[in-house]
Amino acid sequence: MNESPGARREGAGHRALLLPGGLCTDEFYGDVLAQPAVAAAGLEMTAVTLPGFGRTVPPVDLSMENYARLMGDVAAAESCDVVVGHSMGANVAIEMAALGVFAGPLVLLSPTFSKADEAAFLGVLDRVGRVPALGPLAWTVMLGTMPRMMRKEMLKGNVPADRARVLADDLGNNDPAFCRRVVRHYYDYLDRHPALAPRLRDSGVRAWVVRGDHDEIGLTDEERRLLEAAPRITLVTVPDAGHMVLVEQPARVVEVIVEATRAVRD
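Residues numbered from 1 in each chain as written. Predicted model: local features only at pLDDT ≥ 70, side-chain atom pairs only at ≥ 80, totals over all residues. Heavy atoms only, no water.

A word on helix α8 (residues 176–192). Spanning 17 residues, α8 covers 24 Å between terminal C-alpha atoms, matching the ideal 24 Å at 1.5 Å per step. Looking at the buried residues of α8, the elements they touch are α3 (64–77), α4 (88–99), α5 (120–129), α6 (134–156) and α9 (196–203). (Helix = DSSP H or I, 4+ residues; strand = E, 2+ residues; numbered from the N terminus. Expected span 1.5 Å × (residues − 1). Contact = heavy atoms within 4.5 Å.)

Laid out in structure tokens, this is it:
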């Protein structure tokens, strides 16, 4: 568990729970935690790894609903009044609101609102992963090659080479069998809830949906119209950022988190 410097000091204002994306650990929020604006705003942050990723101990129930309940418990235990989620972590945050286990503001970094929005390669990997014998091999190969691919993408996003290497290696440190199972559960979740934009709107929480201007995750015109029309949802487009906006533009992400804290009822 990573915490912002000076966490739990007397007189601190709000605490944000930071949920990383699939295959990622709390290490991916290191650049956000290090921003001077965090301390300047009197904001405390706690970044956690979703159980199972980074070779942590996975829960028995890998459903998105169970992850939402688990993170609701963490938010309560850590006295967090804002939840920030990236990618799969953002979808866990949406489900926390939809299930009513968290009612505070959300900052959603590149969430997926429908199966069609997801990266094409992940859908292919999920389908191949369901094939006996071939599935485990596919995930083993993918985890062997993905760090190199992600390092190249992060370098394109002006992430320093040393930092890109650390994050890419962290991404590769996952159990292929676990990843295969959790992605299967994730796609089952997208089948159960094929339209997540109205699910977020109907939860009634205040939410900021943050996307890089060249995000690889899609957003349909219908989803955009619904989100723009929802009075409690704010769309934020971050220039010069893709799916890894929290690493490529951490200062802008912190600005949005600080803005979200103003929506918390004192």
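From this point, the discussion proceeds with the structure in view.
For the rest of this paragraph, the subject is the layout of surface pockets. The volume enclosed by the largest pocket comes to roughly 980 Å³. Lining the largest pocket we find 43 residues, and of these Phe121, Met150, Glu216, His243 and Met244 sit closest to its centre. Looking at the lining of the largest pocket, the elements that each hand over two or more residues are α5, α6, α7 (161–172), α8 and α11 (245–248). (1 Å grid on protein atoms, 1.4 Å probe; cavity = no way out; pocket = protein on both sides within 12 Å on 5 of 7 lines; lining within 4 Å. Points joined across faces, edges and corners; volume = space filled by probe spheres on them.)

Another aspect to go through is the packing of aromatic side chains. Scanning the model with the defined rule gives two aromatic pairs in all. A ring pair is formed by Phe53 and Phe178, whose centres lie 5.0 Å apart and whose planes are at 80°; its orientation type is edge-to-face. Here Phe53, found in the loop between β3 (44–47) and α3, pairs with Phe178, found in helix α8; they are 125 residues apart in sequence, far enough to count as distant. Here Phe53 and Phe178 have matching classes, each one buried. (Phe/Tyr/Trp six-rings, centres within 6.5 Å; stacked < 30°, edge-to-face > 60°. Buried < 20%, exposed > 50% of the residue type's maximum accessible area, 1.4 Å probe, protein only.)

The next thing to look at is unusual backbone geometry. Despite not being glycine, Ser110 shows a phi value in the positive range, around 55°. Of note, Ser110 is situated in the loop between β5 (106–109) and α5. Unusually for a residue other than glycine, Asp240 sits at a positive phi of about 55°. Considering the arrangement of structural elements, one finds Asp240 in the loop between β7 (233–238) and α11.

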